[in-house]
Structures are given as structure tokens and as C-alpha cells.
Amino acid sequence: VLSPTRSYDITPTCLSSCNRCKSSTCAFNYGYEYTEFTGIINTSSFTSNGCCDLTVSYTQCCRNRAITTGASQSIFHVESIFNACLKGENSAPRFEQTPLSISCKNRDFVFNMGARDQDKDSLNNVLTDSLAYRLTTPLIKSGSSTIWSGNYTFERPLTYDGFPKSGLTFPKGFHFDTTNGRLQFRPIKDEVALMAFKVEEFRSGVKIGEVTREFQLVIMNCPANTPPV
């Protein structure tokens, strides 16, 4: 059973500005709330039978109907894999950033989820596992991906400068660094895009787990001011 533990407004606006979380009549069209759920799973019945690699999944209806790239109102499904037989700790990577952003059309977008992972072994020594990143497809159930409209795919999930070509020099192209998870591109169309990242966890060269996070990005036409650098 999952229970909510905390909830707060994560709309990327100034504290003095209104958003739809604060007021349904706000002129700004968006408002987003972060809610964290926790639960406990007893894995002893699996590990006692030699089943070590476990998959935890969560499914819910439905994704945001405002998504413009193909997955509007589809079933939401996300999975995480971990090895429950390792000695000592084995936590999944944690993300420093919330899975949401609002960005401006025709302005460079650079973002990193900030995944980190640090465990301890049976002797309380700190273990720093290696992390590898890759783009992955959002799911509606295990093994089944969302649909995409037009030329969109999980590797080119929105309209960027140079779309749909790849291998272009920034600011053109869609660039994702598999070693540190940094994402950068220049959006050129008003839209609500969906993308997903998979972070794989390695210890001494052996994969011991992975976690997937979906990321929703709103591209909008912003006022003609110059943001700080």
C-alpha cells in the first residue's frame, strides 16, 4: 500500500506570481504539484527462493491530456529493477530535480535530472556505484510503449532546431549525454512534450539495477526579456 508523505507546489514561477495551483482563475495556464508516496515491500519470500533480480512497477490512468506529441491520456506505467540479494545497501539512484519544466520557445534548454547514488556495504563502508544514462520510451505496460505522432520518437520527442535530423552541432539537434545525463537543445514550437530517461546502476562492472523517470516539458512563447546567464 502506498501512502502520501508530502506534497507541494513545483510550478516554476516566482513565489509572488500566481499559477493554477494557487488560483483556478490565474492567467498563467499551468500549475503543478509534487506528491511523494512511500510503501514497504518485503522481499524475503523472493530471495529465499533464489529470486534476486526484482522488478517494481507502477501503473495509473492517465497521462496529461495536454501532451501534443502522441501520448495524450495514455496509461502511465513505470518500472524499476534492483538486485535484492546483494550484501549491504542497494538503493536506486535518487534525482535532485523534479520531473517537470517549463521552457521558452527559441531559447536554449540545458537540463540535468541530477541522479546520484551512494550505498554502504555490510561493514558500513561507503560504496559509490557507477551510473549510465540513456533515453528510453515511455510505457503503457511492461514491454509496450506509448504511441508517437508524426516524426516524434523517444529519441526526438519534441520539435527542436534542426528537427528531425540528429548529429547536428548545438544549438541545433537534440543532445543527451549518456555519461552524466545532461540534456540540451533549442525548442522552436509551442508544445507539451513527454520523454523518459533510464539510469542504469553498476557495481564493480556488474549491473545491479535501473530506474526510469518520465519527464514532461512545456514549451511556451515567453515575453521578450533576456534571462540571466
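Note that the structure is a prediction, hence the values are computed from the model and not measured. (Residues numbered from 1 in each chain as written. Predicted model: local features only at pLDDT ≥ 70, side-chain atom pairs only at ≥ 80, totals over all residues. Heavy atoms only, no water.)

Participant: Let's hear about the environment of Asn112: which residues, and what values?
Facilitator: Summarising the element assignment, Asn112 is placed in strand β7 (residues 109–112). Taking the C-alpha atoms as reference points, Asn112 and Phe95, 17 residues apart in sequence, are found 9.4 Å from one another. A distance of 2.8 Å separates the side chain of Asn112 from the backbone nitrogen of Gly114, its partner in a polar contact. Engagement of the side chain of Asn112 in a polar contact is seen with the backbone oxygen of Asn180, the distance being 2.8 Å. (Helix = DSSP H or I, 4+ residues; strand = E, 2+ residues; numbered from the N terminus. Polar contact = N/O pair within 3.5 Å; in protein donor to acceptor, adjacent residues only side chain to side chain.)

Participant: Explain the pattern of salt bridges to me, using residue names and the numbers behind them.
Facilitator: Under the criterion given, the structure shown has nine salt bridges. Among the charged side chains, a network of salt bridges with common partners joins Arg134, Lys198, Glu200, Lys207 and Glu210. (Salt bridge = Lys/Arg side-chain N within 4 Å of Asp/Glu carboxyl O.)

Participant: Help me get a handle on the state of the cysteines, residues and values and all.
Facilitator: A full pass over the atoms with the stated rule returns four disulfides. Between the sulfur atoms of Cys52 and its disulfide mate Cys85 the distance is 2.0 Å. Disulfide Cys52 to Cys85: torsion about the S-S bond roughly -90 degrees, handedness left-handed. Of the two residues, Cys52 sits in the loop between α1 (44–47) and β3 (53–60) while Cys85 sits in the loop between β4 (76–83) and β5 (94–95), which places them 33 residues apart along the sequence. A relative accessible area of 23% means that Cys52 is categorised as partly exposed. Across the protein, the way the bonded cysteines pair up, counted in sequence order, is 1-2, 3-6, 4-5, 7-8. Here Cys21 stays free of any disulfide, with the sulfur of Cys26 as its closest cysteine sulfur at 10.0 Å. (Disulfide = S-S within 2.5 Å. Buried < 20%, exposed > 50% of the residue type's maximum accessible area, 1.4 Å probe, protein only.)

Participant: I'd love a proper account of the sheet that holds strand β15 (residues 182–185), names of residues and values included.
Facilitator: An order of β7-β15-β14 is seen for the three strands of this open sheet, with the pairing classed as antiparallel. Edge positions in the sheet fall to β7 and β14 (175–176), since each of these pairs with one other strand and no more. Pairing of β14 with β15 involves two bridges; the strand directions are antiparallel. Considered in β15, the bridge of Phe176 is made with Leu183. (Pairing = 2+ DSSP bridges.)

Participant: So, unusual backbone geometry: which residues are in play, and what are the values?
Facilitator: Cis geometry marks the peptide bond from Cys61 to Cys62, where omega comes out at 5 degrees. Within the fold, Cys62 resides in the loop between β3 and β4. Pro171 follows Phe170 through a cis peptide bond whose omega is 20 degrees. Turning to its location among the elements, Pro171 is positioned in the loop between β13 (144–145) and β14.

Participant: Give me the lowdown on the pairing of β7, citing residues and values where you can.
Facilitator: Only one face of β7 is covered, namely the face carrying Phe109 and Phe111; the face carrying Val110 and Asn112 is uncovered. Across four bridges, β7 lies against β15 in antiparallel orientation. Residue pairing for β15: Asn112 is matched across the bridge by Arg182.

Participant: Give a description of the environment of Ala193 that names residues and reports values.
Facilitator: Tracing the backbone through its elements, the reader meets Ala193 in strand β16 (residues 191–203). Looking at Ala193, the relative accessible area reads 0%, which means it is buried. Apart from the residues lying within four places of it in its own chain, the contact partners of Ala193 are Thr69, Pro157, Leu158, Phe215, Gln216 and Leu217. (Contact = heavy atoms within 4.5 Å.)

Participant: Give a detailed account of the side chain of Ser74, specifying residues and quantitative values.
Facilitator: Inspection of the secondary structure assignment puts Ser74 in the loop between β3 and β4. Taking the relative accessible area as the measure of exposure, Ser74 reaches 16% and is therefore buried. Each residue touching Ser74, except ones within four places of it in the same chain, is listed here: Cys62, Arg63, Ile140 and Thr146.

Participant: If you had to explain the packing of aromatic side chains to someone new, which residues and values would you point to?
Facilitator: Under the defined criterion, the tally for this structure stands at 13 aromatic pairs. Judged by centre distance (5.4 Å) and plane angle (80 degrees), the rings of Tyr160 and Phe163 are edge-to-face. By way of ring pairs, the aromatic residues Phe109, Phe111, Tyr152, Tyr160, Phe163, Phe174, Phe176, Phe185, Phe197 and Phe215 are connected into one cluster. (Phe/Tyr/Trp six-rings, centres within 6.5 Å; stacked < 30°, edge-to-face > 60°.)

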